[in-house]
Amino acid sequence: MSESASTPSKTSSTTTESESTENPLINDRWTNNINYRQLVISSCIGIVQVWWHPYLHDLRKFIPFIFLYNIFSVIIGYPLLYLELALGVVTKKGVLNCWDLAPIARGVGFAMLSLCALTALVTGVISAWCLALFVHSFHSFLPWLHCAAAVHPACAARHRPLPEGTETPSQSFFFNFVLNLKRDGLKGGLGNFVPELIFYYVISWIFIYFISCKRIYSYSKLVLFKDVFAYFILLVCVLGVIRLGGATAMFDECDWTVLFEGTQIWRDALEYCLVQMTVAQGVLVMLGSYCPKEQHKLATTALLTFVVSKTTCMGSALVLGAAHGALRKDYDNDTNIWSGSSSSIILWADLVTRIPGSQFWSALIFFTLYVIALSTTALLVQTIMSTFTGSSMRKITWAFLIMICVLFCFIGIMTICTQAGLYILNFLFTWPISKARAPIAAMITMVITYSYGQTTFCEEVYFAVGEYPCVFMRISWAITPFLLAMLVSGLGTLWTFEATAGAISVMLTLLAIPIFVVLYFVFRCRVRNIVDDVK
């Protein structure tokens, strides 16, 4: 990928040497606000925004869930997005070193880094899925257009009854020929490796390496290409689904009483809000640390990022909801679509079969999704890279990046690229990747507001960018820890094997936070005792 037209500003050798142990691994800054803002905005036009929609399988809850998600996005998601960007702007440091301003919260950086690594592992597999469907789009006809013979479970052709246990053509093709999926879950282990999926997965990580090695300020042209294609595809799909019969089923079948059936849908909406805003995974802190040297409007950058994230997420959600409604009309009953990560990919595959020139649009759509997945994963890898400091590390950046990519490849091949990999992926995204965000976000707001001092932090934001956070932001930061605690408290009522394993995985992801809090108080008391003895 070629270098961006906007080059990072150069600093003197003395300044570089003095900052080499304090700043992120790449201490260049943008000289162009437009390109910097474009990069921040692009971070919220990722594969997660067009792929992960938790209630697509249940049209009765889909619109109420979207309603809750939008409410939480305004009162919690947007202020947290601004806060993480401001944290990077104020400290000019990476995910770990930014907590020098509040050492008690140093474990938050390690938790964010763990979350970032898990998300990169998952998005790397999604890129392999998209590449597989992109390649299969070049057959003489789309292989998921009709049912394949002798598949198990049985595949039901369109406009025929869909008995319980049978699958739609797109679902049958994806499960049987792309994933070679085991239907008994994790019973009997992970099953065999899937050679085709491994091949696409390795190819994806090779591309991710070449994207990441160009450093953060080289993303400009890639993200511009990716963002334009993403909006073009969404526009085409919106125009296409409007004409489909059954496209309004998500509105006709919605049941608002589900909001009063329990707190599960409320928790899911909160977690989804944090996922879509890329909160608590360190990307926003890293991007904030690369802000231009001159003052710029941080509120404008955050607001534009929020608007773009909302339009992308809502556009893809409504398109896929309409595609599911059209599929339900075809079979005139439940479509048996699974919940979790596979539903969006299956609906994207089904949608392209309904567009004239389906092969062309299938190749274009899945190529765009593939580029989006690659750029999302590369940005996550860059976040991991930016946490390591020191001039000695800069000299072997290429080797360190190779080690990261090889490690992700090995872990992904051994787990998610197996016949039971879909269950592992669903578990990761449902539990540690989604549910660990609320505690991390609560800890960030609690430390900034009640430990470091909200007034002090706001003054530092003012000195950094020339603007003082508005009253709405400050109120949201103050109440967010309590609101998140109330919504997360109901998790203890789930006592299944999956819930127990999920809770353990979430606690492991967050383990660094209590460890560093304890270490902070232990060493603080020890230092105080030493000082008292000297006196």
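Residues numbered from 1 in each chain as written. Predicted model: local features only at pLDDT ≥ 70, side-chain atom pairs only at ≥ 80, totals over all residues. Heavy atoms only, no water.

Chemist: Sorry, what's going on with the pattern of salt bridges here?
Modeler: A side chain of one charge can pair with a side chain of the opposite charge if their charged atoms are brought near each other. Under the counting rule described, the total for this entry stands at 12 salt bridges. Two residues, Asp-227 and Lys-226, come together in a salt bridge whose shortest N-O distance is 3.1 Å. As far as the burial class goes, Asp-227 and Lys-226 line up, both buried. Salt-bridge contacts for Arg-354 lead to Asp-350; the nearest nitrogen and oxygen are separated by 2.9 Å. Among the ionic contacts, a cluster of salt bridges with common partners joins Arg-60, Asp-255 and Glu-261. (Salt bridge = Lys/Arg side-chain N within 4 Å of Asp/Glu carboxyl O. Buried < 20%, exposed > 50% of the residue type's maximum accessible area, 1.4 Å probe, protein only.)

Chemist: Looking at this model, I keep getting lost on the state of the cysteines. Mind explaining?
Modeler: Think of a disulfide as a covalent bridge from one cysteine sulfur atom to another cysteine sulfur atom. Within this structure, the stated rule accounts for 1 disulfide. Across the disulfide, Cys-147 is cross-linked to Cys-155 (sulfur-sulfur distance 2.0 Å). On the S-S bond that ties Cys-147 to Cys-155, the torsion sits near -70°, and the link is left-handed. Of the residues examined, Cys-147 reaches a relative accessible area of 29% and is grouped as partly exposed. (Disulfide = S-S within 2.5 Å.)

Chemist: Explain the packing of helix H5 (residues 106-136) against helix H16 (residues 397-415) to me, please; I cannot follow it from the model alone.
Modeler: When two helices pack together, their arrangement is given by the angle between their axes and by how far apart the axes lie. Relative to each other, H5 and H16 sit at 65°, their axes nearing to 10 Å. For the crossing formed where H5 meets H16, the hand is right-handed. Of H16, the residues touching H5 (which contributes Ala-117, Ala-120 and Leu-121) are Phe-408, Ile-411 and Gly-412. (Axes fitted to C-alpha atoms, helices over the stretch in contact; angles between N-to-C directions. Helix = DSSP H or I, 4+ residues; strand = E, 2+ residues; numbered from the N terminus. Left-handed = near helix turned anticlockwise from the far one by under 90°. Contact = heavy atoms within 4.5 Å.)

Chemist: Would you explain the environment of Ser-170 in this entry?
Modeler: Looking at the secondary structure, you find Ser-170 in helix H6 (residues 169-178). Separated by 24 residues in sequence, Ser-170 and His-146 place their C-alpha atoms 8.1 Å apart. Setting aside residues up to four positions removed in sequence, Ser-170 forms contacts with Trp-144, Ile-346, Ala-349 and Asp-350.

Chemist: Which parts of the structure should I look at to understand the environment of Pro-79?
Modeler: Relative to the helices and strands, Pro-79 resides in helix H4 (residues 59-91). Judged by relative accessible area, Pro-79 falls into the buried class, the value being 0%. A sequence separation of 398 residues divides Pro-79 from Trp-477, and the C-alpha atoms of the two residues are 7.0 Å apart. Excluding residues within four positions of it along the chain, Pro-79 makes contact with Ser-73, Val-74, Phe-472, Met-473, Ser-476 and Trp-477.

Chemist: When you look at the packing of aromatic side chains in this model, what are you seeing that I'm missing?
Modeler: Each aromatic ring pair is described using two quantities: the centre-to-centre distance and the angle formed by the ring planes. The tally for this structure, following the rule as stated, stands at 32 aromatic pairs. Between Phe-225 and Phe-367 the ring centres are 6.5 Å apart and the planes differ by 70°, which places this aromatic pair in the edge-to-face class. One end of the pair, Phe-225, is in helix H8 (residues 220-241); the other, Phe-367, is in helix H14 (residues 358-385), with 142 residues separating them in the sequence. Ring centres 5.4 Å apart and planes at 75° place the aromatic pair Tyr-520 and Phe-521 in the edge-to-face group. A residue is classified by how much of its surface remains accessible, and Phe-521, at 40% relative accessible area, is partly exposed. Here a set of aromatic residues connected by ring pairs shows up, and it is made of Trp-129, Phe-174, Phe-175, Trp-338 and Tyr-423. (Phe/Tyr/Trp six-rings, centres within 6.5 Å; stacked < 30°, edge-to-face > 60°.)

Chemist: Before we go on, may I ask you to explain the confidence of the model for the chain in this structure?
Modeler: Segments scoring low in pLDDT should not have their predicted coordinates read at a detailed level. Across the chain, the average pLDDT comes to 86, with 87% of residues at or above 70. Of all helices and strands in the chain, the one with the weakest mean pLDDT is helix H1 (residues 13-19) (36), whereas H5 scores best (96). (pLDDT = per-residue confidence, 0-100.)

Chemist: What am I meant to see in the side chain of Gln-171 here?
Modeler: If you trace the backbone, Gln-171 turns up in helix H6. Given the relative accessible area of 0%, Gln-171 is considered buried. Residues in contact with Gln-171, not counting those within four places in the same chain, are Thr-335, Asn-336, Ile-337, Trp-338 and Ile-346.

Chemist: What is the right way to read the nonpolar core from this model?
Modeler: The nonpolar side chains of a soluble globular protein tend to be buried, and buried together. Judged by nonpolar contacts, the single largest core of 186 residues is most densely connected at Ile-47, Trp-51, Trp-99, Trp-129, Trp-348 and Ile-440. Ignoring sequence-local partners within four residues, the contact set of Ile-440 consists of Val-108, Ala-111, Met-112, Leu-115, Ala-280, Leu-510 and Ile-513. (Core = buried A, V, L, I, M, F, W, Y, C linked by side-chain atoms within 4.5 Å.)

Chemist: Got a minute to help me understand helix H21 (residues 497-509) in this structure?
Modeler: What sets the pattern is the α-helix's 3.6 residues per turn: residues three or four places apart point alike. With 13 residues, H21 extends 18 Å from end C-alpha to end C-alpha; this agrees with the ideal 18 Å at 1.5 Å per step. Listing the buried residues of H21 in full gives Ala-499, Gly-502, Ser-505, Val-506 and Thr-509. Buried residues of H21, seen end-on, are gathered within an arc of 125° and therefore sit on one face of the element. The exposed residues of H21 that point more than 90 degrees off its buried face are Phe-497, Met-507 and Leu-508. (Expected span 1.5 Å × (residues − 1). Arc of directions from axis to C-beta.)

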